[in-house]
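Below, each chain spelled out in residue letters.
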Amino acid sequence: MAGSGGGVVSGGRQRGPPLFATEKPGRMAMAAYRVSAATVFAGVLLIWLYRATHLPPGGGDGVRRWAWLGMLAAELWFGFYWVLTLSVRWCPVYRRTFKDRLAQRILIANSYSEDELPSVDIFVCTADPTAEPPMLVISTVLSVMAYDYLPEKLNIYLSDDAGSVLTFYVLCEASEFAKHWIPFCKKYKVEPRSPAAYFAKVASPPDGCGPKEWFTMKELYKDMTDRVNSVVNSGRIPEVPRCHSRGFSQWNENFTSSDHPSIVQILIDSNKQKAVDIDGNALPTLVYMAREKKPQKQHHFKAGSLNALIRVSSVISNSPIIMNVDCDMYSNNSESIRDALCFFLDEEQGQDIGFVQYPQNFENVVHNDIYGHPINVVNELDHPCLDGWGGMCYYGTGCFHRREALCGRIYSQEYKEDWTRVAGRTEDANELEEMGRSLVTCTYEHNTIWGIEKGVRYGCPLEDVTTGLQIQCRGWRSVYYNPKRKGFLGMTPTSLGQILVLYKRWTEGFLQISLSRYSPFLLGHGKIKLGLQMGYSVCGFWAVNSFPTLYYVTIPSLCFLNGISLFPEKTSPWFIPFAYVMVAAYSCSLAESLQCGDSAVEWWNAQRMWLIRRITSYLLATIDTFRRILCISESGFNLTVKVTDLQALERYKKGMMEFGSFSAMFVILTTVALLNLACMVLGISRVLLQEGPGGLETLFLQAVLCVLIVAINSPVYEALFLRRDKGSLPASVARVSICFVLPLCILSICK
């Protein structure tokens, strides 16, 4: 790889050494990739030419003509989308940080010390103690409290949108456990610093730690876990914790998750001498916040929560750097803050960096994952390519923001960041809490630019993506950093229904962005690079893929059943571009997956999910989006459930897809699977009985396509015909699907 770093000399003055380097793939590798892409593009052009020059005549062959036109439209779209995706991958970059230089570097003539590092505000959001168990939440909180960073410069804020007294109680328990956990982590260089993850993965004491100290810490965590689980199961807070914390008095019998006053409680105040761990060292500031909720009042979901946190933190700590992380994405790398600061503090290249995005990684994905989560390919190839165009997307978690950029400031070359600034705060915690409560009332944002030009954007299911795009359009740059030791690990859904609902929400969000004034081509025109606009559009056009894909997996199969040819014969020269594009595209995809560490099985599973998402999540997202445009329905938000059924988890580990309930998406999926199975069996039988083995000559590609679709749907047939567990497809789904498939097959046979 070729590398480049921050500059050394600027304006005749000596600069410090660069804090990060930017590297690009070698020229030979990129040249080979581009040559391969050019040959595939040539094949795509030949396919378009074939469709245009071999259009069947009208009249008696009208069915074939209309089917042919549909194929032309679908292939035009697939070709365009492939070119769009290809163009984004034209210039990937990879980042490398130099943390060893961070605390030792020289700023012109002044020495630089650890005390001069900027303070950091960390936001953790939770919304439902049932869907997001409190122990999951505090494991994330404890992991970020234990960062390898000056505790006086760490400020952790938990936003509890449910206003749950259980969550507040568990956070109080965590604040006491932190006095033991943080010094233990720092003394023995523990990784990861989520106690739940650490004790689940590590079975013996770390180097230098005696067995007694190890088991004492493990017992402390177990005791806290038992207390928390007991309280969560009973729903009642013990009297002793209530007496020791004045915060519990703010809950009463009229308090509900949708109707409650604002609460701001500083559980640990790093400015107070008593806020120390068992070794006498300072602890990070820890703040609980529940913004005011009233029925019929718009609260803007997670975006509103983050904006409330921005305001509350501004009066308590006002750190120049803000990091937010989902409550199920714990810190897996204690040096993530220092890595992020290498970008912000670089004297030559860091001045215009608005945010640093870490990738999402999941610890509960098993080897040869049946759902083919494309995390490795996305993290190793797609995101570096976006970074190469000057701007990684903001994905709502694991992201370090410059406060000024997040709050709406437009970048200019004259801008200089004051990294040492903090809130001009009073020593009185009661006054700070009162000020914080006044900033998170239901009416505070009325007639303001919060959620429009300031803070996190409102009005879209993907408020984080829109926010990141706005920041980039104000002149800020973003970077993507994917360290060897992953910065954050979380939980991903392990049932097909949850995964499809999640992708449906993402697809709706991207489509709404593309159809609004916040479209990358409208908002970003003249402000960000064309390649970055196209990068956003790759996801923005997810939804459009649904109709051509659904057409391609149904119409050629039905035409095969009826003996209608839609592809060239095997002996025709026009057969070559079709075969080449298919083989070359899938070979390249497989090579990329293997290069990124996936197995061939995982690649195959990813192809299956690619098809499933397009004909279910993308399709329904498109329909629902246009229903909202026509004011037939309203936008909503579905929280991803973080609780996993143990039996479903066991089936997932065995490579079995989890269905289990009736769903419109399952009906579509099952209908397509049964239709192709019927077309394959009946179509091949018809050809062999009527025309013999040579009859497949003109229908060869359609037969191959039909067989591939059947093969890729093997888990659906297994769930329909072989399985009897709770994760199988319900009989009601099969009945509805058969009602769609049977008339189509009967009409084809009778014809």
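Residues numbered from 1 in each chain as written. Predicted model: local features only at pLDDT ≥ 70, side-chain atom pairs only at ≥ 80, totals over all residues. Heavy atoms only, no water.

Take the UniProt feature "transmembrane region" (unreviewed entry) in the protein chain next. In the numbering used here, UniProt assigns the "transmembrane region" (unreviewed entry) feature to residues 31-50, 66-91, 659-684, 699-720 and 732-749. Span residues 31-50 is 100% helix and 0% strand, its end C-alpha atoms 29 Å apart. Between the C-alpha atoms that bound residues 66-91 the distance is 40 Å, and the span itself is 88% helix and 0% strand. (UniProt positions renumbered as here; feature names shortened; annotations may be inferred. Helix = DSSP H or I, 4+ residues; strand = E, 2+ residues; numbered from the N terminus.)

All right, on to the packing of helix 21 (residues 600-615) against helix 22 (residues 617-629) then. It is at 2 Å that the axes of helix 21 and helix 22 come closest, and there the two elements cross at 20°. Of the possible angle classes, the one that applies to helix 21 and helix 22 is roughly parallel. Contacts between helix 21 and helix 22 involve I612, R613, R614 and I615 on the former and, on the latter, S617, Y618 and L619. The residue inventory of the contact of helix 21 with helix 22, partitioned by class, reads 4 nonpolar, 1 polar and 2 charged. (Axes fitted to C-alpha atoms, helices over the stretch in contact; angles between N-to-C directions. Parallel < 35°, antiparallel > 145°, perpendicular 65-115°, else oblique. Contact = heavy atoms within 4.5 Å. Nonpolar A, V, L, I, M, F, W, Y, C, P; charged D, E, K, R; others polar.)

A word on the environment of T467. Within the secondary structure layout, T467 lies in helix 14 (residues 463-473). For T467, a relative accessible area of 1% translates into the label buried. Separated by 12 residues in the primary sequence, T467 and G455 place their C-alpha atoms 7.8 Å from one another. The contacts of T467, once residues within four sequence positions are left out, are Y394, L406, G455, V456 and R457. (Buried < 20%, exposed > 50% of the residue type's maximum accessible area, 1.4 Å probe, protein only.)

Let us now look at the pairing of strand 14 (residues 353-357). In terms of burial, strand 14 is largely enclosed, as 5 of its 5 residues are buried. Sheet analysis places strand 14 next to strand 16 (residues 477-480), joined by 4 bridges and oriented parallel. Its bridge partner being in strand 16, I353 is matched across the sheet by R477. The pairing of strand 14 with strand 15 (residues 399-402) spans 3 bridges and is classified as antiparallel. If you follow Q357 over to strand 15, its bridge partner there is C399. (Pairing = 2+ DSSP bridges.)

Turning our attention to the pattern of salt bridges. Within the structure shown, the criterion is met by 33 salt bridges. The shortest N-O distance in the salt bridge between D624 and R627 comes to 3.4 Å. With D624 and R627 both in helix 22 and 3 residues apart, the pair spans about one turn of that helix. For R627, a relative accessible area of 34% corresponds to the partly exposed category. One connected set of salt bridges, linked through shared partners, spans K504, E508, D624, R627 and R628. (Salt bridge = Lys/Arg side-chain N within 4 Å of Asp/Glu carboxyl O.)

As a further point, take the pairing of strand 15. Here strand 15 shows no split at all, with C399 and H401 on one side and F400 and R402 on the other all buried. In this sheet, strand 15 lies alongside strand 12 (residues 321-326) in antiparallel orientation, the contact comprising 4 bridges. Bridged to I322 within strand 15 is H401.

Here we come to the nonpolar core. Of all hydrophobic cores here, the largest spans 88 residues; its most connected members are Y371, L496, L566, M609, M657, F659 and L729. Looking at this core, the element that brings in the most residues is helix 24 (residues 664-690), giving 12 residues. No fewer than three residues from each of domain 1 (22-89 + 534-750) and domain 2 (114-492) sit in this core. The residues touching L566, leaving out its near neighbours within four places in the chain, are R51, R64, A67, W68, M71, I555, P556, C559 and Q702. With 77 residues, the next largest nonpolar core counts M224, I237, W251 and I353 among its residues. (Core = buried A, V, L, I, M, F, W, Y, C linked by side-chain atoms within 4.5 Å. Domains from an automatic or database assignment.)

Mapped onto the present numbering, the UniProt feature "binding site: Mn(2+)" (unreviewed entry) falls on K302 and D326. Taken together, the annotated residues stretch across 25 residues yet fold into one region, lying no more than 10.1 Å apart by C-alpha. The residue K302 is located in helix 9 (residues 301-316) in this model. If we ignore the near neighbours within four places in the chain, the residues touching K302 are N324, D326, G396 and E463. Within the structure, the side chain of K302 is placed 2.7 Å from the side chain of D326, a separation counted as a polar contact. Mapped onto the secondary structure, D326 falls in strand 12. Residues contacting D326, with those up to four places away along its chain left out, are T140, K302, G396 and T397. (Polar contact = N/O pair within 3.5 Å; in protein donor to acceptor, adjacent residues only side chain to side chain.)

Next up on the list: the domain arrangement of the protein chain. Domain parsing of the protein chain yields domain 1 (22-89 + 534-750) and domain 2 (114-492). Using only C-alpha atoms to locate each centre, domain 1 and domain 2 end up separated by 40 Å. Every contact between the two is made by 30 residues of domain 1 and, on the other side, 33 residues of domain 2. Roughly 2900 Å² is buried in total at the junction of domain 1 and domain 2, and carbon and sulfur atoms are behind 63% of that figure. Run the count over domain 1 and domain 2 and you get 1 salt bridge. (Buried area = accessible area lost by both parts, 1.4 Å probe.)

This part is about the packing of aromatic side chains. In this structure the tally under the stated criterion is 43 aromatic pairs. Relative to F541, the ring of F80 lies with its centre 6.4 Å away and its plane at 50°, an arrangement referred to as tilted. In this pair, F80 sits in helix 2 (residues 62-88) while F541 sits in the loop between helix 17 (530-540) and helix 18 (546-552), placing the two residues 461 residues apart along the sequence. Residues F659 and F666 carry aromatic rings whose centres are separated by 5.2 Å and whose planes lie at 75° to one another, so their mutual orientation is edge-to-face. In textbook terms, an aromatic cluster arises when at least three aromatic residues are bridged by ring pairs, as seen for F177, W181, F184, Y188, Y198, F199, W214 and Y221. The ring centre of F700 lies 4.7 Å from the NZ or CZ of K570, which sits over that ring. (Phe/Tyr/Trp six-rings, centres within 6.5 Å; stacked < 30°, edge-to-face > 60°. Lys NZ or Arg CZ within 6 Å of the ring centre and 35° of its normal.)

By the element assignment, N332 lies in the loop between strand 13 (329-331) and helix 10 (336-344). At 3.0 Å, the side chain of N332 and the backbone oxygen of K486 are in polar contact. Apart from the residues lying within four places of it in its own chain, the contact partners of N332 are E191, P192, K201, R485, K486, G487, F488 and L489.

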